[in-house]
Amino acid sequence: MNLPTVRLYNTLTRRKEELRPLEDGVVRIYSCGPTVYRYAHVGNLRTFMFPDLLRRSLEYLGYHTEQVMNVTDVGHLTDDTFERGEDKMLVTARLENKSTEEIAAAYTDAFLDDIRKINIRPAARYPRATEYIPRMIELIGQLVAQGNAYVADGNVYFDISTFPSYGKLSRNTVDKLMAGHREAPDPRKRHPADFTLWKGAGEHRAQVWDSPWGPGFPGWHIECSAMSMSIFGDRFDIHTGGADNVFPHHESEIAQSESIAGHPVVSIWMHGGMLMLAGSRMAKSAGNFFRITELEDQGFDPLAFRYLALQAKYRTQLNFSTDGLAGADRALRQLRERVAEWSSEQGAVSEEWDGRFRASLADDLDLPAAMALVAELSRSNVAPADKAATLLAWDRVLGLDLERGGRPHELPVGAAELLAQRERARAAKDFATADALRDRLKAMGVSVADPRVSD
Ligand SMILES: [Zn+2]
């Protein structure tokens, strides 16, 4: 098959590498997915938008993709250290007076609604962690039998000394890992950085399974080794996640999966950059987050968030602000209006411009460069109908609903309030304020035509 060369940045090697799918023309992607005992915020959604852009780009270039995204419906173990002993699934279930299954189902539905709002296409499969517990127990048993793991007091730990390249993904050395442990190490661990594969159940646990080591529940990292290898086998093309998954989650997944398979399992590791709000990472625990529905309630088009995210390289941090979002919202509406105007006649996709667009995608998903092309094409002297045809073709990747057309009767966010203020200023004959408000409205793309006043 004669497909274009695609280069992708591999976190493991710290460079762009040529994508060479194991099966000709088919790219298999495993993506770390949502935890379903709480709502996703837009920072999470940016992380999930990145593999969507990866799939859309590869498909635009002629590849087939198969994406699997896990759903973490085991609440205990997002954190390997269990500091506060919290069972998050159980805490949420108690707060909402529901069973853990009901909680997982409700938040999974909310997640699917949220991704639909920003045109993230669903994965081919969403395996749930609770469906793969026997497989996890089997893999842990194999690691114990091979000497990669040891049992202590009903817990099973991975012995990182048996996997000398532990740290290769995150560039953590054993010294650094030691230095990072300020608290007293767990005396049951041979090395402070050994991580948990199976945790014996204490009190107040909702989800407990029997195992050869006693009742308990699996570690978070073994979840992804079990699901990815159960579905794709012991080699697949791309593994994605957020930059916050590099360590310990993916580092540990590599140690587990490679110890079991005896060879590298993932060809390319890719990570999406974090969304920052006022200088810190958007996080539920920090209390600084927005849901996409909250932004929608404020009057923003949810796809304005997608437009905003497209402006930044997927693997860099992106600063989020409502001003930035308002700018993206205006730009998106204007772009749709133009496409609607230009679409009055039948056009053809410009091959020259499309070639440049494809080259941007093939260069490690350079969507900011692709968006610059959108602006450049819009300003160019290409025939309007061809501009529209080209932009609508590109929208298969961008996912901005450019065919939706302008909605001239719908005002941008905040415009109604400014119009009302301006009416009051005019009524009070405060023309300086009225003029200033007209300029602000104009900057938002709203032009105001006053009736002529005759004295
Ligand atoms: Zn994972």
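Anything mentioned here points back to the structure above.
As the structure is a computational prediction, the values presented were derived from the model and not from experiment.

**Side note on the packing of helix 11 (residues 351-362) against helix 12 (residues 367-379)**
(1) Moving on: Contact pair helix 11 / helix 12: the axes reach a minimum separation of 8 Å and the direction vectors enclose 160 degrees. In this view, helix 11 runs roughly antiparallel relative to helix 12, as classed from their interaxial angle. Considering how the two elements wind past one another, helix 11 and helix 12 form a crossing that is right-handed. In contact with Trp353, Arg356, Phe357, Ser360 and Leu361 of helix 11, helix 12 contributes Leu367, Ala369, Ala370, Leu373, Glu376 and Leu377.

**Structural notes on the sheet that holds strand 6 (residues 155-158)**
(1) Moving on: What the 4 strands build is an open sheet, ordered 5-6-7-8; its pairing is antiparallel. The open sheet has two edge strands with one neighbour each: strand 5 (149-152) and strand 8 (216-218). In this sheet, adjacent strand axes meet at a mean angle of 20 degrees when their direction is disregarded.
(2) Moving on: Pairing geometry for strand 6 and strand 7 (residues 195-200), over 3 bridges, is antiparallel. Bridge pairing links Tyr157 to Thr196 in strand 7.
(3) Moving on: Where helix 7 (residues 246-261) meets the sheet, its contacts fall on strand 6 and strand 7, and the angle it forms with strand 7 comes to roughly 85 degrees.

**What about the side chain of His41?**
(1) Moving on: The residue His41 is located in the loop between strand 3 (26-31) and helix 1 (42-60) in this model.
(2) Moving on: A distance of 3.0 Å separates a polar atom in the side chain of His41 from the backbone nitrogen of Gly43.
(3) Moving on: If we ignore the near neighbours within four places in the chain, the residues touching His41 are Met282, Ala283, Lys284, Phe289, Phe290 and Arg291.

**Some points on the coordination of the zinc ion**
(1) Moving on: Protein-derived coordination of the zinc ion comes from Cys32 (SG), Cys224 (SG) and His249 (NE2), at a distance range of 2.1 Å.
(2) Moving on: Expressed as a motif, the donor residue spacing for the zinc ion is C-x191-C-x24-H. Of this pair, Cys224 sits in helix 6 (residues 220-232) while His249 is found in helix 7, placing the two residues 25 residues apart along the sequence.
(3) Moving on: Among the residues examined, Cys224 registers a relative accessible area of 0% and is labelled buried.
(4) Moving on: By relative accessible area, His249 is classed as buried at 0%.

**Focus on helix 15 (residues 431-443)**
(1) Moving on: Helix length check: helix 15 (13 residues) gives 18 Å between terminal C-alpha atoms against 18 Å at 1.5 Å per residue, within 8%.
(2) Moving on: Within helix 15, burial applies to Ala434, Leu437 and Leu441. Looking straight down helix 15, one finds its buried side chains confined to an arc of 65 degrees; they lie on one side. Within helix 15, the exposed residues directed more than 90 degrees away from the buried face are Ala432, Lys442 and Ala443.
(3) Moving on: In this fold, the buried residues of helix 15 make contact with helix 14 (415-427).

**Observations concerning empty space enclosed by the protein**
(1) Moving on: Scanning the entire structure with this criterion turns up 4 cavities of 30 Å³ or more.
(2) Moving on: Counted as a void, the largest cavity has a volume near 90 Å³.
(3) Moving on: Where the lining of the largest cavity is concerned, the elements lending two or more residues are helix 1 and helix 9 (302-310).
(4) Moving on: Top contributing element to the lining of the largest cavity by residue count: helix 1, with 4 residues.
(5) Moving on: Residues that form the lining of the largest cavity fall into these classes: 8 nonpolar, no polar and 1 charged.
(6) Moving on: Split by domain, the residues of the lining of the largest cavity number at least three in each of domain 1 (7-272) and domain 2 (277-404).
(7) Moving on: What the second largest cavity holds in volume is close to 50 Å³.
(8) Moving on: Top element by residues in the lining of the second largest cavity is helix 1. It accounts for 3 residues.
(9) Moving on: Among the residues making up the lining of the second largest cavity, the classes are represented as 8 nonpolar, 1 polar and 2 charged.

Procedures and definitions
Residues numbered from 1 in each chain as written. Predicted model: local features only at pLDDT ≥ 70, side-chain atom pairs only at ≥ 80, totals over all residues. Heavy atoms only, no water. Axes fitted to C-alpha atoms, helices over the stretch in contact; angles between N-to-C directions. Helix = DSSP H or I, 4+ residues; strand = E, 2+ residues; numbered from the N terminus. Parallel < 35°, antiparallel > 145°, perpendicular 65-115°, else oblique. Left-handed = near helix turned anticlockwise from the far one by under 90°. Contact = heavy atoms within 4.5 Å. Pairing = 2+ DSSP bridges. Polar contact = N/O pair within 3.5 Å; in protein donor to acceptor, adjacent residues only side chain to side chain. Donors = N, O, S within 2.8 Å, 3.2 Å for Na, K, Ca; no water. Buried < 20%, exposed > 50% of the residue type's maximum accessible area, 1.4 Å probe, protein only. Expected span 1.5 Å × (residues − 1). Arc of directions from axis to C-beta. 1 Å grid on protein atoms, 1.4 Å probe; cavity = no way out; pocket = protein on both sides within 12 Å on 5 of 7 lines; lining within 4 Å. Points joined across faces, edges and corners; volume = space filled by probe spheres on them. Nonpolar A, V, L, I, M, F, W, Y, C, P; charged D, E, K, R; others polar. Domains from an automatic or database assignment.

From the geometry alone we can't say anything about function, so treat these as descriptive.
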